[in-house]
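# Remarks on the overall topology
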Amino acid sequence: MRLVPGSLLATIAGGTEIPVNSLHNQGVARLAPRLVAEGWAPDGTIEAVRVRDAVGFAYGVQWHPEYDWERDSISRGLLQDFGQAAVAWANRHRMPQAAE
């Protein structure tokens with residue numbers, strides 16, 4: 001997959017070309033107004049997007065990083081970034097403990 005230089009995945013990968021396990025028979029035909037393509041398969045299929053001006057982690061991929069996270073550092077890095085964003089969000093929105 002070809003990546004936009006400086007994008008999240010390019011930063012994780014340390015470059016602008018990565019292999020992915022693209023296992024889908026549908027793809028993005030047109031991007032929604034706030035979606036920005038950041039990765040393309042060799043056939044031009046959009047494989048990675050981000051939400052422009054998102055407040056938090058708003059990234060989408062068409063491949064399956066959960067399949068190879070143990071062996072693939074890029075998939076693992078993407079899932080780790082997502083996990084860190086989820087923890088940060090939870091910490092910012094933590095509800096006060098109820099009194100016992």
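Not measured: the values here are computed from a predicted model.

To continue, consider the overall build of the chain. Along the chain, the regular secondary structure elements total 3 helices and 4 strands. Projected onto its principal axes, the C-alpha positions of the chain cover 60 × 35 × 25 Å. Counting across all 100 residues of the chain, residues that qualify as buried make up 23%. Sequence-distant contacts in the chain: of pairs separated by 6 or more residues, those separated by 24 or more amount to 40%.

Turning to its location among the elements, Val61 is positioned in strand 4 (residues 59-61). On the basis of relative accessible area, Val61 is assigned to the partly exposed category, the value being 26%. Spatially, the C-alpha atoms of Val61 and Gly39 are 8.5 Å apart, while their sequence positions differ by 22 residues. Residues contacting Val61, with those up to four places away along its chain left out, are Leu9, Glu47, Ala48 and Leu78.

According to the stated counting rule, one finds 2 salt bridges in the structure shown. Across the pair Arg50 and Glu38 runs a salt bridge, and its minimum N-O distance is 2.5 Å. Of this pair, Arg50 sits in strand 3 (residues 46-51) while Glu38 sits in strand 2 (residues 35-40); the two residues are 12 residues apart in sequence, bridging distant segments of the chain. With a shortest N-O distance of 3.1 Å, Arg71 and Asp68 are connected by a salt bridge. Classification of Arg71 by relative accessible area gives exposed; the value is 66%. A relative accessible area of 23% places Asp68 in the partly exposed class.

As a further point, take the sheet that holds strand 1 (residues 2-3). Read from one edge to the other, the open sheet built from 4 strands follows the order 1-2-3-4, with strand pairing classed as antiparallel. Only two strands of the sheet have a single neighbouring strand rather than two, namely strand 1 and strand 4. In the sheet, strand 3 pairs with strand 4 via 3 bridges, with the strands oriented antiparallel. The residue of strand 4 that forms the bridge with Ala48 is Val61.

Now for unusual backbone geometry. Its identity as a non-glycine residue notwithstanding, Asp53 has a phi of 65°, on the positive side. Residue position: Asp53 is located in the loop between strand 3 and strand 4. Its relative accessible area of 66% is what places Asp53 among the exposed residues.

Formed by Met1, Leu3, Leu9, Ala10, Ile18, Ala48, Tyr59, Trp63, Ile74 and Leu78, the largest nonpolar core amounts to 10 residues. Elements with a contribution of two residues or more to this core: helix 1 (8-13) and helix 3 (73-92). Discounting residues that sit within four places of it in the chain, Ile74 has contacts with Leu9, Ile12, Ala13 and Ile18.

Cut-offs applied
- Residues numbered from 1 in each chain as written.
- Predicted model: local features only at pLDDT ≥ 70, side-chain atom pairs only at ≥ 80, totals over all residues.
- Heavy atoms only, no water.
- Helix = DSSP H or I, 4+ residues; strand = E, 2+ residues; numbered from the N terminus.
- Buried < 20%, exposed > 50% of the residue type's maximum accessible area, 1.4 Å probe, protein only.
- Contact = heavy atoms within 4.5 Å.
- Salt bridge = Lys/Arg side-chain N within 4 Å of Asp/Glu carboxyl O.
- Pairing = 2+ DSSP bridges.
- Core = buried A, V, L, I, M, F, W, Y, C linked by side-chain atoms within 4.5 Å.

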